[in-house]
Structure formats: structure tokens, C-alpha cells
Amino acid sequence: MATTKLLSDAEVEKIPAVMAVFDDIRATRKSDFVNNFWRGLANDPAALKRVWEQLKAVMVADSAIDPLTKEMIYIAVSTANGCSYCIHSHTAAARAKGMTDAQHGELVSIIGLAGQTNHLVTAMQIPIDPQFEVK
């Protein structure tokens, strides 16, 4: 159960600042669906706008990293942070951007391996090789 109220479309229509962001979400995503993350964040219109603008700047804008890779990175970080909501939402987004079952399987393997080796290095306190340090 959510710890914050999830605003309905009827409630959003009464808050112009929130309605403007929801309209932009729908236009940007070319969908009428606004997911629960945004509905919860809508309780704070300034935060809603700020986070949506950040998301567009990082995840939507043209960049050196293609949209599918961005979603896969988001899945990996969400896994490391233990955010099941983000794992599910960004897996759906990655699949919509063309992620195959084989790619998802490889991604999960990489995430698992990175977690294992990260914990081993941390437990052993292995020093960084000088060759890996930025000069």
C-alpha cells in the first residue's frame, strides 16, 4: 500500500500545475497512461515538475546513449537499490523499446555478477590498481 495518496485524474484536473505536467507526460510518452509514481509525486507539484523535467533531460533527450541502453542501466541501478517498482516500470519501458528475452536474461546475469564481484571486492578491501585511476 502506498504511503502517500495517489491522485486521480479528477483530482489532478483541479491542480493546474499538476495537470500541465500530466499533459506533458502523456504527450511525451504518446499515451494516456500516467503511472502511480507520478500520481504519488503529484502531491508536491514543484517536485513533480522538477523530477519530470530531470527525467526528460536524462531519459528522453537525444544523447550518446540509446534509449534501450538507458532503460537497461535504469533496471540495473534499480536492482542495486532494491526498487521493485522501478525494476518493473523500466523493464516494461525497455521491452517497449525492443529489449528481447535474451537481452533481459543477459542483463540479469550481468547484474548478478556485478553484485557478487562488488561484494567480494568490498569484503576483501582490494586496493584500486593504479592503471584504473584517472590521471
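Treat the numbers as computed from the prediction; the structure is a model and nothing was measured.

Asker: What is the right way to read the overall build of the chain from this model?
Answerer: When helices and strands are counted, the chain shows seven helices and zero strands. Overall, the chain shows an N-to-C arrangement of helices and strands of α-α-α-α-α-α-α. With the principal axes as the frame, the chain shows a C-alpha extent of 55 × 35 × 30 Å. Every one of the 135 residues in the chain was classed for burial, and the buried ones make up 24%. The contacts of the chain with a sequence gap of at least 6 include a subset with a gap of at least 24, amounting to 48%. On the chain, roughly 9,300 Å² of surface is accessible, and the fraction owed to carbon and sulfur atoms is 62%. Of the side-chain charges in the chain, 13 are positive and 15 negative, and the distance between the mean point of each set is 4 Å.

Asker: Any chance you could explain the layout of surface pockets here in plain terms?
Answerer: Empty space among the atoms becomes apparent when a probe as large as a water molecule is rolled across them. Here the largest pocket is characterised by a volume of approximately 680 Å³. Lining of the largest pocket is provided by 25 residues; of these, Arg29, Leu55, Glu71, His90 and Ala93 occupy positions nearest its centre. Elements with a minimum of two residues in the lining of the largest pocket: α2 (16-29), α3 (36-41), α4 (45-60), α5 (67-81) and α6 (84-96). Classifying every residue of the lining of the largest pocket by side-chain character gives 16 nonpolar, six polar and three charged.

Asker: Quick question: what am I supposed to make of the packing of α5 against α6 here?
Answerer: The axes of two packed helices give the description: the angle between them and the distance between them. Two elements in contact, α5 and α6, have axes separated by 9 Å at closest approach and are oriented at 165 degrees. Judged by the angle between their axes, α5 and α6 are roughly antiparallel. Once α5 is placed against α6, the crossing between them reads as left-handed. Within the contact between the two elements, α5 uses Leu68, Glu71, Tyr74, Ile75, Ser78 and Thr79 and α6 uses Cys86, Ile87, His90, Thr91, Ala93 and Ala94. Residues of the contact of α5 with α6, tallied by class, amount to seven nonpolar, four polar and one charged.

Asker: Before we go on, may I ask you to explain the domain arrangement of the chain in this structure?
Answerer: Interface size is commonly expressed as the accessible area that is lost once the parts come together. Assigned domains of the chain: these are domain 1 (1-61) and domain 2 (64-126). Relative to domain 2, the C-alpha centre of domain 1 lies at a distance of 25 Å. Counting residues at the interface gives six residues for domain 1 and five residues for domain 2. Summed over both partners, the interface of domain 1 with domain 2 comes to about 470 Å²; 58% of that surface belongs to carbon and sulfur atoms.

Asker: Sorry, what's going on with the side chain of Ser78 here?
Answerer: Looking at where Ser78 falls in the secondary structure, it is placed in helix α5. For Ser78, a relative accessible area of 4% corresponds to the buried category. At 2.7 Å, the side chain of Ser78 and the backbone oxygen of Tyr74 are in polar contact. Other than its neighbours up to four places away in sequence, Ser78 contacts Cys83, Cys86 and Ile87.

Thresholds applied
- Residues numbered from 1 in each chain as written.
- Predicted model: local features only at pLDDT ≥ 70, side-chain atom pairs only at ≥ 80, totals over all residues.
- Heavy atoms only, no water.
- Helix = DSSP H or I, 4+ residues; strand = E, 2+ residues; numbered from the N terminus.
- Buried < 20%, exposed > 50% of the residue type's maximum accessible area, 1.4 Å probe, protein only.
- Contact = heavy atoms within 4.5 Å.
- Areas by Shrake-Rupley, 256 points an atom, 1.4 Å probe, with all protein chains shown as cover.
- Lys, Arg positive; Asp, Glu negative; His and termini not counted.
- Charge placed at Lys NZ, Arg CZ, Asp CG, Glu CD.
- 1 Å grid on protein atoms, 1.4 Å probe; cavity = no way out; pocket = protein on both sides within 12 Å on 5 of 7 lines; lining within 4 Å.
- Points joined across faces, edges and corners; volume = space filled by probe spheres on them.
- Nonpolar A, V, L, I, M, F, W, Y, C, P; charged D, E, K, R; others polar.
- Axes fitted to C-alpha atoms, helices over the stretch in contact; angles between N-to-C directions.
- Parallel < 35°, antiparallel > 145°, perpendicular 65-115°, else oblique.
- Left-handed = near helix turned anticlockwise from the far one by under 90°.
- Domains from an automatic or database assignment.
- Buried area = accessible area lost by both parts, 1.4 Å probe.
- Polar contact = N/O pair within 3.5 Å; in protein donor to acceptor, adjacent residues only side chain to side chain.

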